Amino acid sequence: MTLTENQSLIDWVNEIAARTKPDQVVWIDGTNEQLETLRTIGCSTGELYKLDETLHPGCFLHRTAQNDVARVEGRTFICCKNEKDAGPTNNWMAPDEMYKKLYALYEGAMKGRTMYVIPYSMGVIGSPFAKYGIEITDSIYVVLSMAIMTRVGKSVLDALGQSIDYIKGVHSLAQLNEQERYIAHFPEDNTIMSVNSGYGGNVLLGKKCFALRIASYLGKNEGWMAEHMLILGIQNPKGEVRYLSAAFPSACGKTNLAMLIPPEGYQKKGWKVWCVGDDIAWIRIGEDGRLWAMNPEYGFFGVAPGTNARSNPNALAATTKGTIFTNVVHDLDNNTVWWEGLSDTPPQNALDWTGKPWNASMGVKGAHPNSRFTAPAKNCPCISPEFEAPQGVPLSAIVFGGRRAKTAPLVYQSRNWIHGVFVGSIMASETTAAATGAVGVVRRDPMAMLPFCGYNMGDYWQHWLDMGDKIENKPKIFNVNWFRTDEDGHFIWPGFGDNLRVLEWIMRRCFDEVDARETEIGFLPYPEDINLEDLTISKDTLAGLLAVDRPLWQKEVDSISEFYQIFGDTLPDALKAELHTLKRNLGQE
Ligand code: GTP
Ligand code: SPV
Ligand code: MN
């Protein structure tokens, strides 16, 4: 049954059905009855496995194909008319050429399958800041995951009415053929097309494809920003809640920081952290001249390995009901799930992420390193009371950060907005399992947006600079690094809950409550201003984490210069000037 009278939408759905030739077309109305039917069908086809209802109410296990476990950056394309508009860091193909390729792959791709039409909203339905999308898919896993990650159903169609202002998304599993896998974006047509994959980041089109790649392009044209950022609120002992957003590359700690539990000493004093979002922020200038950030998502697609009752109890609690687990270990004795780092007692009688018998004595990992949970945000015990505030929350700070064994100190503050944009633009981080390819290789990942910027990264930096001109009350910009290692490769900083010690300093800086020392790279804390109460880490160790290693930074500057060169005339002059300043500060010019 069609749920809308929006003729442009009906025509488009018919057009895609004519190409893909499904047996039937089902519109997702968002009711639990309909979703329950799909869960039952998913279990009967083997797409889903129902977990123990008492231990894990409403939870399912899903396995992807073994060649399809992460985002595929090499097969992700920005298809705009001019290649230059995609920029040097994106794959580009001319729209006509990509459409031709995709239509050939879509031809008859849904034969024998059902085509689902998912109306979804990024942001609170009906709010002026929400944007709507329609995803067509032949995967029940995608429907059920979208129903967790976004607001779906008839209410979206009602809010859309006759408008043509929605993002079209087409996804087909097709044959899951790696060689013909494409994640294609047509920013000038408000269209996304994905084929031959079933992995979250490639197929939940509301997430990276819409809320980052397409939205970043819309944001540039409309004067706002779409960022790969968590949003959190820090409540201090006076009861004041101050907000920050933070951009870390994939699998570098956004979910963990967003749900942080304060160290015991802090808890006793009344500190608390509220999670507004763990992956994506849409940011606008408010009437009060401040930046306001909202989370367009409705759930978490979080990294499973390493999540446990100590590292992130809030995330774990979020997964206790209504959650889909992907590519984790199946504990057959309890009909529940397990992953490396969940507990010290792996199940004896279990299947690994591929479905083969597994136990820990085999010496190989049971869960895929990029195994994930798809959990409703409202399950999270520390979800912010402002989670559904349509306009979001006001930002006092913006934080950038990466995974760097050396070079980047624990925390530093930029001198001003322009320098802050520079600090974001020179971010680098070790690659993780979130994307296919080598893991642990340092690469530049400006603003954690390298894989997600829907247009030329040089123009994106200019947009950041232009926004700075318009924001009256600018948030302060910082950089953090939880991942410095010692000679033996061990993390020096305890991380996780203890990161609040650094966030406290950041907030004190934002409210002029603490001094700092100016260095070559920006403002660094005096070691005594980071609270080490109840930690075993020594003052000297901390001083080391807060030192600027000149020789390493001099090398860093060479690598930044090389990176900047690929942007040619799209590199903003202001950033060139910042690089010169850094060189001068390091005694290189
Ligand atoms: P995406 O969902 O891929 O965008 O990732 P994310 O940035 O939300 O990453 P997440 O919080 O899931 O962290 C991924 C990995 O980083 C996990 O293996 C965590 O255990 C590890 N991690 C997170 N915070 C810290 C920290 O403070 N210190 C250390 N050493 N590891 C951390
Ligand atoms: C990331 O890789 O940054 C994620 C997971 O948040 S995915 O949705 O697969 O992109
Ligand atoms: Mn992410």
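Residue indices begin from 1 for each chain and proceed along its sequence in written order. Lettering of chains starts at A and numbering of ligands starts at 1, both following the order in which they are written. Confidence filtering applies because this is a predicted model: local features only for residues at pLDDT of at least 70, side-chain atom pairs given and counted only at 80 or more, and all residues used for totals across whole chains, interfaces and linings. With hydrogens and water excluded, all non-hydrogen atoms of the structure serve as input to the side-chain values.

Participant: Explanation requested: the domain arrangement of the protein in the structure shown.
Facilitator: Accessible area lost on assembly of the parts is the figure often given for the size of an interface. As used throughout, domain bounds are those supplied by an automatic or database domain assignment. For the protein, the domain assignment lists domain 1 (7–30 + 73–222), domain 2 (227–295 + 387–585) and domain 3 (299–379). We call two residues in contact when some of their heavy atoms are within 4.5 Å. Contact residues are listed per partner, giving 13 residues for domain 2 and 13 residues for domain 3. For the domain 2 and domain 3 pair, buried surface summed over both sides reaches about 1,100 Å², with 63% attributable to carbon and sulfur atoms. For salt bridges, the criterion is a side-chain nitrogen of Lys or Arg within 4 Å of an Asp or Glu carboxyl oxygen. Applying the counting criterion to the domain 2 and domain 3 interface returns 1 salt bridge. The term buried area refers to how much accessible surface (probe radius 1.4 Å) is lost by two components on association, counted for both of them together.

Participant: Sorry, what's going on with the side chain of Arg403 here?
Facilitator: Helix numbers and strand numbers start at the N terminus; a helix is a DSSP run of H or I with at least 4 residues, a strand a run of E with at least 2. You can see Arg403 is positioned in the loop between strand 25 (393–401) and strand 26 (411–413). Exposure categories follow from relative accessible area, calculated using a 1.4 Å probe and restricted to protein chains: below 20% of the type maximum is buried, above 50% is exposed, and the middle band is partly exposed. Residues counted as positive are Lys and Arg, residues counted as negative are Asp and Glu, and His and the chain ends are not counted. One buried charged side chain, Arg403, makes no salt bridge at all; its nearest oppositely charged neighbour is Glu430, positioned 5.6 Å away. Within polar-contact distance, the side chain of Arg403 engages the backbone oxygen of Ala251 at 2.7 Å. Setting aside chain neighbours within four positions, we find Arg403 in contact with Ala251, Cys252, Ala428, Ser429, Glu430, Thr432, Asn481, Phe483 and Phe491. Counted as a polar contact is a pair of N or O atoms within 3.5 Å, where, for protein atoms, one must be capable of donating a hydrogen and the other of accepting one, and residues adjacent in sequence contribute only when both atoms are in side chains.

Participant: Hey, could you run me through helix 13 (residues 457–470) in this one?
Facilitator: Residues lying three or four places apart along an α-helix face the same way, a consequence of the helix completing one turn every 3.6 residues. For helix 13, built from 14 residues, the straight-helix expectation of 20 Å at 1.5 Å per residue is met to within 8% by its first-to-last C-alpha distance of 20 Å. Among all positions in helix 13, only Met457, Gly458, Tyr460, Trp461, His463, Trp464, Leu465, Met467 and Gly468 are buried. If you check the start of helix 13, you find a side-chain oxygen 2.8 Å away from the backbone N of Gly458, and it comes from Asn456. Each residue after the first adds 1.5 Å to the expected span of a helix.

Participant: I would appreciate a short explanation of the sheet that holds strand 18 (residues 299–303) in the present structure.
Facilitator: In sheet architecture, strand pairing relies on hydrogen bonds along the backbone and comes in two forms, parallel and antiparallel. The strand order across the open sheet formed by 5 strands is 2-3-19-24-18, and the pairing between neighbours is mixed. The sheet terminates laterally at strand 2 (49–50) and strand 18, the two strands that pair on one side only. Here, a strand pair is defined by DSSP locating no fewer than two bridges between the strands. Bridge count for strand 3 (residues 60–62) against strand 19 (residues 324–326) is 3 bridges, and the pairing is parallel. Looking at the pairing, Phe60 lines up with Ile324 of strand 19.

Participant: Can you help me understand the pattern of salt bridges in this one?
Facilitator: Oppositely charged side chains can pair when the atoms bearing their charge come close. Per the counting criterion, the structure on display carries 28 salt bridges. A salt bridge links Arg404 to Glu556; the nearest nitrogen and oxygen atoms lie 2.9 Å apart. One end of the pair, Arg404, is in the loop between strand 25 and strand 26; the other, Glu556, is in helix 16 (residues 550–565), and 152 residues separate them in sequence. The exposure class assigned to Arg404 is buried, which follows from its relative accessible area of 10%.

Participant: What's the story with the packing of helix 12 (residues 417–425) against helix 17 (residues 573–585) in this structure? I'm lost.
Facilitator: Pairs of packed helices are described in terms of their axes, by the angle between the two and the distance that separates them. Axis definition: a line fitted to C-alpha atoms, over the contacting stretch in the case of helices. Angles run 0 to 180 degrees between N-to-C directions. Two elements in contact, helix 12 and helix 17, have axes separated by 9 Å at closest approach and are oriented at 85°. One element, helix 12, and the other, helix 17, form an angle in the roughly perpendicular class. Between helix 12, through Ile418, His419, Val421, Phe422 and Ser425, and helix 17, the contact on the second element is made entirely by Ala574, Leu575, Glu578, Leu579 and Leu582. Three classes are used, and their members are as follows: Ala, Val, Leu, Ile, Met, Phe, Trp, Tyr, Cys and Pro are nonpolar, Asp, Glu, Lys and Arg are charged, and the others, Gly among them, are polar. Split by residue class, the contact of helix 12 with helix 17 holds 7 nonpolar, 2 polar and 1 charged. Oblique is the label for any angle not covered by the other classes, which are roughly parallel (under 35 degrees), roughly antiparallel (over 145) and roughly perpendicular (65 to 115).

Participant: Any chance you could explain the packing of aromatic side chains here in plain terms?
Facilitator: Aromatic ring pairs are reported here in terms of the distance separating the ring centres and the angle at which the planes meet. Ring geometry is summarised as follows: Phe, Tyr and Trp rings, the Trp one being its six-membered ring, pair when their centres sit within 6.5 Å, and such pairs are stacked at plane angles under 30 degrees, edge-to-face over 60 and tilted between the two. This model, assessed by the stated rule, comprises 23 aromatic pairs. Ring centres of Phe422 and Tyr564 lie 6.3 Å apart, and the angle between their planes is 75°; on these two criteria the pair is classed as edge-to-face. With Phe422 in helix 12 and Tyr564 in helix 16, this residue pair connects regions lying 142 residues apart in the sequence. For Phe422, a relative accessible area of 2% gives the class buried. A residue is classified by how much of its surface remains accessible, and Tyr564, at 3% relative accessible area, is buried. Ring geometry for Phe478 and Trp505: centres 6.1 Å apart, planes at 80°, overall edge-to-face.

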